[in-house]
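A look at the structure
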Amino acid sequence: MSFIQHELPARWTVELASVPDGVDVPEQVLNAGAISATVPGCVHTDLLDHGLIPDPYVADHEPLTHWIGRCDWRYRTTLTLDAALISEDRVELIFDGLDTLATIKLNGRVVGESKNMHVRQRFDIKAVAREGDNDLEIRFDSARAYIDAMDAELGPRPKVGHGSNAAMSHNMIRKMACNFGWDWGPQLITCGVWRPGRVEAWSGARLGDVRPLVRRADTEAAELEVRVDVDLVEGSAPRLDCTLEDPAGTPVAKVSALATTGEASMLLRVDQPQLWWPVDYGQQPRYRLRVALNHDGTTRPQTATCLVGLRTVELCTDADDKPIQQPVAELGQGESFYLQINGQRVFCKGANWIPDDCFPHRVTPQRYRQRIDQALEANMNMLRVWGGGIYEDHAFYDYCDERGMLVWQDFLLACACYPEEEPIAALIEEEAEDNVSRLCRHPSLVLWNGCNENIWGTFDWTEDWIAIRERGEQTWGLGYYLERFPRILERIDPSRPYWPGSPYSGAMSVHPNANTHGNRHIWDVWNGHGDYRNYLGHYPRFASEFGFQGPPAWPTLCRAIPEEHRAWLSPVMHMHNKQRLGQQRALDRIADDCDGYETGEADFEDTWFLASVQQCRALTLGCEWFRALSPWCSGALYWQLNDCWPVTSWSAIDGDGRPKLLWHATRRFFRDRLITLMPAGITPAQTDAGPLAVYLHNDHGEAWSGRGRVLKLRIDGQTLADRDFDFAVAARESWKLELEPSWAGKPGELLVAQVLDDRGEVADQAFWFFGRDRDIPYERPTLKVDLEPMNDGLVLQVTANTVVRDLCLLADRVAEDAEVQGQFVTLLPGQTTRFVIQTNSPLAADSLTAPRVLRSVNTLARRLIK
Ligand code: BMA
């Protein structure tokens, strides 16, 4: 038995293979012929590297690259193989990802075809490979042409169209859906070898996927079922040896088996195991599993190792018992929807994850780590890998495992009706099997989910969507969500829960986006019914999507939008907001609160700031409200964590990886211990909020008690009422103090709820402003500032003389690299806040106090105050 691995060569070329009639290819590309190419990579980045196309992320360049997706492309290289390698029983060419319609030729002979970007491919090249140089050629056919052909063959089905792509049939091809354009992403239909590849040659047997499945994990014992795939040449019966080492490296369990068929299953038992926990619930110890495939004892065994987290996970969907807890008793009964890890209920706080780059091969392990760290710093404990993107690399899930970040993983079917006919059904099944097998070793992965919005669409969207379900003339994908995926999981990964859709209610007889059952997407706030206060009219059991747009961080915006186009409604700004009405909608939302911004002609930086503030306020209110609904509600995952290019979108981190103001706001509203002011319950007029309550959330393993205070103030700082209270909140629970009607207020008044420390100082505070900005007579603040060096940065200490709302230090206006902690605070007269600044540039105090740098809503709410 032997096994040889051979890397693919570094030198490749790419060239146009064919150009359909009517497509204009730029002269310089035609002249260039075959150019050097990078593998893993894609044609867009190869053309970019050679300066043959403009950067599609900048200015109005994107449409100039649309021709690329209409053409066919050819990648070539020379594979040099030695005699020993090609004399093995099996010689295989492996690709972890080919994007997408690939025909692979070796020495002029077709050795394989692939039509799915999301699966690993293994092609037999034994008969064609020769000693010495071999010509390897991969031709990628146009995805555009293919989806049109598939539409014609199977009959088109409803799908959502976005931005520059009116409605492209991303449901007819197994390629990252957002590559065709999304409401936050450009249309960059690319192709290429997007993940690594290699040659493997072996005799006897080959070790395949290792799937450690946790069957039991509690303080007493854990049982780990290890399933191993083995590829066998007839007649061989190798032995599998499994060992498990505890996190300190001590072997704690061992088992062996004979691999006589393609799959072996072994059970390992650990007494008194160290359990893996989500972040903030405990540690993330990982056991090392080693698997060795031994044949005749004469050659080195093939080995695989992986880190395993011992934990259980359940999705609890139990019928409500009466009485249901306030504030939602009026809604009637439904079913819970919450995750339990190791028997402990978890409130999921987080966001949706999209591919971090339109060209995902550019996302390095280091970039994954940076992004996940940002999510952790924002106090998130869950990311949902959204179904219009990709199954991410191991590096993503590895780091989530290491840090305790929970992952909700969608199958990749989004915003469309998917045919259940061949050839699509077989491709989708193979893809599900392959990725479940690849990813199920990760403890962070706690939920498989069937689709994004594809069930919901058939209830609530346009006529064609509703008709496809009601008439039953065409398939639309329900068979995947209710039958095929559960069957595949039953077989390959029965160790974790599955849910058919986001959103879904648990049964086709209940509306998929119901408040009472399952998970919800809340989009009518941003898309339709007025301002963000309308989040208060929603009562989800688990909100897996809701969002509010905001522009990218200023330096990112400046990189992408040339100065002459920096007007809110300019065509280039529109190009960098892929929701058709997005730019206007942001103005409408500002106009809900402020006067003078409706036309988009107001000062660009002022508009940028107010749009960012609206995004912060919206998600603050939404997330604080969903936390107030706990335990009725068990999760708030907003749309969306990240971006794939520089764009105005719903994200908290922009396309250049910079935190937006929303990221700073998130750090507060997802904190484990939090005080908020929210409506006391469901009231008919949510915008006026009705009776309010002080909420204390203790998402922490220890009880929390202390003293607090509520104040009613006039905007000039005068106290109208105050009251102290004592509180005691059990671990992982919330506490509520309902306020009497006398605490209601009018515009120009506000409530403040404070947690006091042992010395009676304010440790944390929350605000409720009555009325809208335009009705509030804010005073122009005079801020006392003090700039001091601290470690390798600077601290700007700011003291207010009046109520200052939504104060931010936009230090990147003066130094592009400046990063500031402590954004988005509201101060009462006499209170001080500290902004911590990291920058390599020298900064003077007066440059930081310029009105465009140290900003609050006070001077912008009414354009009259200036
Ligand atoms: C939901 C998501 C995405 C989309 C977002 C914003 O539909 O699932 O498809 O980008 O809303 O509109």
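Below is a summary of the structure that appears in this document.

Definitions and limits used
- Residues numbered from 1 in each chain as written.
- Predicted model: local features only at pLDDT ≥ 70, side-chain atom pairs only at ≥ 80, totals over all residues.
- Heavy atoms only, no water.
- Helix = DSSP H or I, 4+ residues; strand = E, 2+ residues; numbered from the N terminus.
- Rg over C-alpha atoms; globule rule 2.2 N^0.38 Å.
- Buried < 20%, exposed > 50% of the residue type's maximum accessible area, 1.4 Å probe, protein only.
- Contact = heavy atoms within 4.5 Å.
- Areas by Shrake-Rupley, 256 points an atom, 1.4 Å probe, with all protein chains shown as cover.
- Near = heavy atom within 4 Å.
- Polar contact = N/O pair within 3.5 Å; in protein donor to acceptor, adjacent residues only side chain to side chain.
- Nonpolar A, V, L, I, M, F, W, Y, C, P; charged D, E, K, R; others polar.
- Salt bridge = Lys/Arg side-chain N within 4 Å of Asp/Glu carboxyl O.
- Axes fitted to C-alpha atoms, helices over the stretch in contact; angles between N-to-C directions.
- Parallel < 35°, antiparallel > 145°, perpendicular 65-115°, else oblique.
- Left-handed = near helix turned anticlockwise from the far one by under 90°.
- Phe/Tyr/Trp six-rings, centres within 6.5 Å; stacked < 30°, edge-to-face > 60°.
- Lys NZ or Arg CZ within 6 Å of the ring centre and 35° of its normal.
- Pairing = 2+ DSSP bridges.

Regarding the overall build of the protein
If you tally the helices and strands in the protein, you get 17 helices and 44 strands. A compact globule built from 866 residues would reach a C-alpha radius of gyration of about 29 Å, and the protein, at 29 Å, matches this within 12%. Over its C-alpha atoms, taken along the principal directions, the protein stretches across nearly 90 × 70 × 65 Å. A total of 866 residues make up the protein; the buried ones form 61% of that total. Here the contacts in the protein between residues at least 6 apart in sequence split such that 71% fall between residues at least 24 apart. Put simply, the protein shows about 31500 Å² of open surface, and 46% of that area lies on carbon and sulfur atoms.

Section: the site of the ligand
The immediate surroundings of the ligand are formed by Trp182, Asp183, Trp184, Trp386, Cys415, Asn452, Glu453, Trp523, Glu545, Trp639 and Trp650. Residue Asn452 places a side-chain N or O atom 2.8 Å away from an oxygen atom belonging to the ligand. Here the ligand has 300 Å² of accessible area as a free molecule, and 94% of this is covered by the chains. Partitioning the shell around the ligand into residue classes produces seven nonpolar, one polar and three charged.

Thoughts on helix H16 (residues 661-669)
Buried residues dominate H16, accounting for seven of its nine residues. Within H16, the full set of buried residues consists of Leu661, Leu662, Trp663, His664, Ala665, Thr666 and Phe669. Those residues of H16 that are buried are in contact with helix H5 (365-377), helix H15 (604-628), strand S30 (635-638), strand S31 (673-679), strand S40 (804-809) and strand S41 (819-821).

What about the pattern of salt bridges?
Under the counting rule described, the total for this entry stands at 69 salt bridges. The partner of Glu200 in a salt bridge is Arg122, with the nearest N and O atoms 3.1 Å apart. Residue Glu200 is located in strand S12 (residues 197-203), and its partner Arg122 is located in strand S9 (residues 121-124); the two are separated by 78 residues in the primary sequence. Residue classification places Arg122 among the partly exposed positions, given a relative accessible area of 33%. When the shortest N-O distance is used, the salt bridge between Arg384 and Asp410 registers 2.6 Å. One end of the pair, Arg384, is in strand S24 (residues 382-385); the other, Asp410, is in strand S25 (residues 406-410), and 26 residues separate them in sequence. There is no split in this pair, since Arg384 and Asp410 are both buried.

A short note on unusual backbone geometry
Going from Ser502 to Pro503, the amide bond is cis rather than trans, its omega being 0 degrees. One can find Pro503 in the loop between strand S27 (498-499) and strand S28 (520-522). Here the amide bond leading from Ser630 into Pro631 is cis, since omega sits at 10 degrees, within 30 degrees of zero. Phi at Asp280 takes a positive value of approximately 70 degrees, unusual for a residue other than glycine. Within the secondary structure, Asp280 sits in the loop between strand S17 (263-271) and strand S18 (287-294). Although it is not a glycine, Asn342 adopts a positive phi angle of roughly 50 degrees.

Considerations on the side chain of Arg617
Within the element layout of this structure, Arg617 appears in helix H15. Judged by relative accessible area, Arg617 falls into the buried class, the value being 7%. Of the polar contacts made by the side chain of Arg617, one reaches the side chain of Asp806; its length is 2.9 Å.

Structural notes on the side chain of Gln614
Within the secondary structure, Gln614 sits in helix H15. At a separation of 2.8 Å, a polar atom in the side chain of Gln614 contacts the side chain of Asp593. Apart from residues lying up to four places away in sequence, Gln614 is in contact with Tyr532, Phe548, Arg589, Ile590 and Asp593.

With respect to the packing of helix H7 (residues 424-439) against helix H10 (residues 478-492)
Between H7 and H10, the shortest axis-to-axis distance is 10 Å and the interhelical angle comes to 40 degrees. Between H7 and H10, the angle falls in the class oblique. As for the relative orientation of H7 and H10, their crossing is right-handed in sense. For the pair H7 and H10, contact is made by Ile424, Ala425, Ile428, Glu429, Ala432, Glu433, Val436 and Ser437 and by Tyr480, Arg484, Phe485, Ile488, Leu489, Arg491 and Ile492, respectively. When its residues are assigned to classes, the contact of H7 with H10 shows 10 nonpolar, one polar and four charged.

Digging into the packing of H5 against helix H6 (residues 394-403)
Between H5 and H6, whose axes approach to 9 Å, the crossing angle comes to 40 degrees. When the interaxial angle is binned, H5 and H6 end up oblique. With respect to the hand of their crossing, H5 and H6 are arranged in right-handed fashion. Mapping the contact onto sequence places Pro365, Tyr368, Arg369, Ile372, Asp373 and Leu376 in H5 and Ala395, Phe396, Tyr399, Cys400 and Arg403 in H6. The residue inventory of the contact of H5 with H6, partitioned by class, reads eight nonpolar, no polar and three charged.

Topic: the environment of Gln640
Note on placement: Gln640 falls in the loop between S30 and H16. Separated by 10 residues in sequence, Gln640 and Ser630 have C-alpha atoms that sit 22 Å apart. Ignoring sequence-local partners within four residues, the contact set of Gln640 consists of Trp184, Ala351, Asn352, Ile354, Ser649, Trp650, Ser651 and Ala652. A polar contact is formed between the side chain of Gln640 and the side chain of Trp639, at a distance of 2.7 Å.

Here's the deal with the packing of aromatic side chains
Throughout the structure, instances matching the rule amount to 44 aromatic pairs. Between Phe411 and Tyr498 the ring centres are 6.4 Å apart and the planes differ by 55 degrees, which places this aromatic pair in the tilted class. Of the two residues, Phe411 sits in the loop between S25 and H7 while Tyr498 sits in strand S27, which places them 87 residues apart along the sequence. Take Phe411 and Tyr498: they sit in the same class, and that class is buried. By the ring-pair criterion, three or more aromatic residues cluster together here, those being Phe411, Trp448, Tyr480, Tyr481, Phe485 and Tyr498. In this structure, Arg541 is placed above the aromatic ring of Trp632, and the distance from its NZ or CZ to the ring centre is 3.7 Å. The lysine or arginine in question, Arg813, covers the ring of Trp608, its NZ or CZ lying 4.5 Å from the ring centre.

Observations regarding the sheet that holds strand S21 (residues 338-341)
Spatially, S20-S21-S22 is the arrangement adopted by the three strands of the open sheet, whose pairing is antiparallel. Where the open sheet ends on each side, the last strands, each with one partner, are strand S20 (313-316) and strand S22 (344-346). The average undirected angle you get between the axes of adjacent strands in this sheet is 35 degrees. Pairing of S20 with S21, which is carried by four bridges, proceeds in the antiparallel orientation. The partner of Leu315 across the bridge, within S21, is Leu339.

Quick look at the sheet that holds strand S14 (residues 221-232)
Read across the sheet, three strands follow the order S13-S14-S17 without closing on themselves; strand pairing throughout is antiparallel. Strands at the two margins of the open sheet, each flanked by one partner only, are strand S13 (205-217) and S17. Averaged over all adjacent pairs, the angle separating strand axes in this sheet is 20 degrees, with direction ignored. Where S13 meets S14, 10 bridges bridge the pair, whose relative direction is antiparallel. Bridge assignment links Val210 to a residue of S14, and that residue is Val228.

Describing the environment of Ala815
When you line up the elements, Ala815 lands in the loop between S40 and S41. For Ala815, a relative accessible area of 3% translates into the label buried. Sequence separation of Ala815 and Leu843 is 28 residues, and the distance between their C-alpha atoms is 7.8 Å.

What to know about the pairing of strand S10 (residues 132-140)
In this structure, strand S4 (residues 72-81) lies alongside S10, joined through nine bridges in antiparallel fashion. Its bridge partner lying in S10, Tyr75 is registered against Ile138.

A few points about the environment of Thr556
Positionally, Thr556 belongs in helix H12 (residues 554-560). The class of Thr556 is buried, set by a relative accessible area of 0%. Spatially, the C-alpha atom of Thr556 lies 8.8 Å from that of Gly657, the residues being 101 residues apart in sequence. With near-sequence residues (within four places) excluded, Thr556 lies in contact with Pro646, Asp654, Asp656 and Arg658.

As far as function goes, none of this settles anything; it's purely spatial.
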